[in-house]
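# Close look at the chain arrangement
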Amino acid sequence: MTGDPQRLARLAERAAARASGFLAGVRRPDPASWTSKGHHDFVTEVDRTAEEMIAETLLRAEPGSSVQGEEHSPDAGGPGLRWIVDPLDGTTNFLHGYPSWAVSIGASIDGELVAGTVFHVPAHRRYTAWRGGGAWAGPEPLRVSTITTPGQALLGTGFPFKATELIERYLAQLGRILPATSGVRRAGAAALDLVDVAAGRFDAFWELALAPWDKAAGIILIREAGGVVTDLSGSPATADHGPIVAGNPVMHEWLLAMIDGR
């Protein structure tokens, strides 16, 4: 097993490309075949097959590693090399033909994120980062935005549609943030939202309830693109279950204060 972050990033790219090729070629499943994992949280055989492809590719190359995947092994963890996999981020978008969905793979060593890739399948666009190596869209480097005035800023967000007990709290935050910015967008695929922060399309982003596989790759993409990613307390974000606040350094600090109501 190797801990070279660039090699792990390239391996993640290879696994994501295999799954993306499969996903791009399948028909959208009939609604009768959708399975509900929770409140408005769907899964199909398409998701499961894509995750199996990813796991097979990663474990063949790194047999001493483990895979924490949304569909088959959500509770996997432990020391060493761990792959944190969302085989189809934005499943509901995929099922409805809305073109905001992706494959996301992060790599951590002893709990520290070191590499990640997000493949936006409908756009056939890959985003990759590794520790100390920068963040990239193919051969193009990614950098977070330079906007520091909230009134000029475009923010991304995610609704707490699975954690409905957070809706009232979220709406209060949105009520403070929306009128202070030039706009807030919600497309429904957190991995791509975080890519948009790394690429400077969003100046900041927040969501109150995400899973490890939703954000693992996005965290390292943003950090390597010069941004800041934390939890609501301002502590560095990790690949766990919970909230996330991200942005360029100035807009991140502003957004944290607005979320807190300061």
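Residues numbered from 1 in each chain as written. Predicted model: local features only at pLDDT ≥ 70, side-chain atom pairs only at ≥ 80, totals over all residues. Heavy atoms only, no water.

### Section: the overall build of the protein chain
The criterion, for reference: Helix and strand definitions follow DSSP, with helices as H or I runs of at least four residues and strands as E runs of at least two, each counted in order from the N terminus. Every radius of gyration here is taken over C-alpha atoms, with the globule rule written as 2.2 Å times N^0.38, N being the number of residues. Each residue's exposure class comes from its accessible area (1.4 Å probe, protein chains only) as a fraction of the maximum for that residue type: buried when under 20%, exposed when over 50%, partly exposed otherwise. In what follows, a contact means two residues having at least one pair of non-hydrogen atoms within 4.5 Å. Under the counting rule used here, the positive set is Lys and Arg, the negative set is Asp and Glu, and His together with the chain ends is not counted. By convention, the charge on Lys lies at NZ, on Arg at CZ, on Asp at CG and on Glu at CD.
Regarding its fold elements, the protein chain presents seven helices and 14 strands. Against the 2.2 N^0.38 benchmark of 18 Å for 262 residues, the protein chain shows a C-alpha radius of gyration of 17 Å, consistent with a compact globule. On the principal axes, the C-alpha backbone points of the protein chain span a range of 50 × 45 × 30 Å. When burial is assessed residue by residue, the protein chain has 55% of its 262 residues classed as buried. Across the protein chain, contacts joining residues at least 24 apart in sequence account for 63% of those joining residues at least 6 apart. On the protein chain, the mean spot of the 23 positive side-chain charges and the mean spot of the 30 negative ones are 4 Å from each other.

### Focus on the sheet that holds strand 12 (residues 204-210)
Basically, it comes down to this: Two strands are counted as paired when DSSP detects at least two bridges linking them. Here the axes come from fitting lines to C-alpha atoms, over the contacting stretch only for helices, and the angles between their N-to-C directions go from 0 to 180 degrees.
The strand order across the open sheet built from five strands is 11-10-12-14-13, with neighbouring strands paired in mixed fashion. Edge positions in the sheet fall to strand 11 (183-185) and strand 13 (228-230), since each of these pairs with one other strand and no more. The average undirected angle you get between the axes of adjacent strands in this sheet is 15°. By the bridge criterion, three bridges tie strand 10 (residues 154-157) to strand 12 in an arrangement that is parallel. Within strand 12, the residue paired with L155 across the bridge is A204. Contacting strand 10, strand 12 and strand 14 (242-247), helix 5 (residues 190-198) crosses the sheet at an angle of about 155° to strand 12. Together, strand 12, strand 13 and strand 14 form the strand contacts of helix 6 (residues 212-224), whose direction differs from that of strand 14 by roughly 25°.

### Points about the nonpolar core
Quick reminder of the rule: Residues enter a nonpolar core if they are buried and are Ala, Val, Leu, Ile, Met, Phe, Trp, Tyr or Cys, with the set joined through side-chain atoms within 4.5 Å.
Judged by nonpolar contacts, the single largest core of 35 residues is most densely connected at V118, L142, L221, I222, V229 and I244. Of all the secondary-structure elements, those providing two or more residues to this core are strand 6 (112-120), strand 7 (125-130), strand 8 (134-137), helix 5, strand 12, helix 6 and strand 14. Among residues more than four places away in sequence, those in contact with V118 are A102, V103, S104, R125, R126, Y127, A191, L192, V195, A217 and L221. With 29 residues, the next largest nonpolar core counts A19, L81, L88 and V103 among its residues.

### Observations regarding the sheet that holds strand 9 (residues 140-141)
Taken together, seven strands build an open sheet; the order of strands is 3-4-5-6-7-8-9 and the sheet is mixed. Where the open sheet ends on each side, the last strands, each with one partner, are strand 3 (66-69) and strand 9. Relative to strand 8, strand 7 runs antiparallel, the two sharing four bridges. Along strand 8, the bridge assignment pairs W130 with G134. Each of strand 4 (81-89), strand 5 (102-109), strand 6 and strand 7 touches helix 5; the most contacted strand, strand 6, lies at about 105° to it. Along the sheet, helix 6 makes contact with strand 3, strand 4, strand 5, strand 6, strand 7 and strand 8, crossing strand 6 at roughly 100°.

### Re the packing of helix 5 against helix 6
Helices that pack against each other are described as a pair by the angle of their axes relative to one another and the distance between those axes. As a reminder, the rule being used: The labels follow the angle: roughly parallel below 35 degrees, roughly antiparallel above 145, roughly perpendicular from 65 to 115, and oblique for the rest. Throughout this entry, Asp, Glu, Lys and Arg are counted as charged residues, while Ala, Val, Leu, Ile, Met, Phe, Trp, Tyr, Cys and Pro are counted as nonpolar. The remaining residues, Gly among them, count as polar.
At a minimum axis separation of 8 Å, helix 5 and helix 6 run at an interaxial angle of 5°. With respect to helix 6, the axis of helix 5 lies roughly parallel. Between helix 5 and helix 6, the residues in contact are A190, A191, L194, V195, V197 and A198 and D214, K215, G218, I219, L221 and I222, respectively. The residue inventory of the contact of helix 5 with helix 6, partitioned by class, reads nine nonpolar, one polar and two charged.

### Re the packing of helix 4 (residues 167-177) against helix 7 (residues 249-260)
For the record, the criterion: Rotating anticlockwise by less than a right angle from the far helix to the near helix defines a left-handed crossing, while the corresponding clockwise rotation defines a right-handed one.
The contact between helix 4 and helix 7 brings their axes to 8 Å, and the two run at 125°. Viewed along their axes, helix 4 and helix 7 adopt a mutual orientation that is oblique. Handedness of the helix 4/helix 7 crossing: right-handed. Contact with helix 4, carried on its side by Q173, R176 and I177, involves W254, L255, M258, I259 and D260 of helix 7 and no other residues of that element. Taken together, the residues of the contact of helix 4 with helix 7 sort by class into five nonpolar, one polar and two charged.

### Thoughts on helix 2 (residues 45-61)
Where we set the bar: A helix is expected to reach a length of 1.5 Å times the quantity of its residues less one.
Spanning 17 residues, helix 2 covers 25 Å between terminal C-alpha atoms, matching the ideal 24 Å at 1.5 Å per step. Among the residues of helix 2, V46, D47, A50, E51, M53, I54, A55, T57 and L58 are the ones counted as buried.

### A word on the pairing of strand 5
The buried count for strand 5 comes to seven of eight residues, which makes it a mostly enclosed element. Across seven bridges, the pairing between strand 4 and strand 5 is antiparallel. Looking across to strand 5, one finds that I84 is bridged to G106. Pairing analysis gives eight bridges linking strand 5 to strand 6, with the strands arranged antiparallel. Note that in strand 6 the partner of V103 across the bridge is F119. The antiparallel pairing of strand 5 with strand 6 creates a hairpin that spans two residues between the two strands, and D110 there sits at a positive phi of about 50°.

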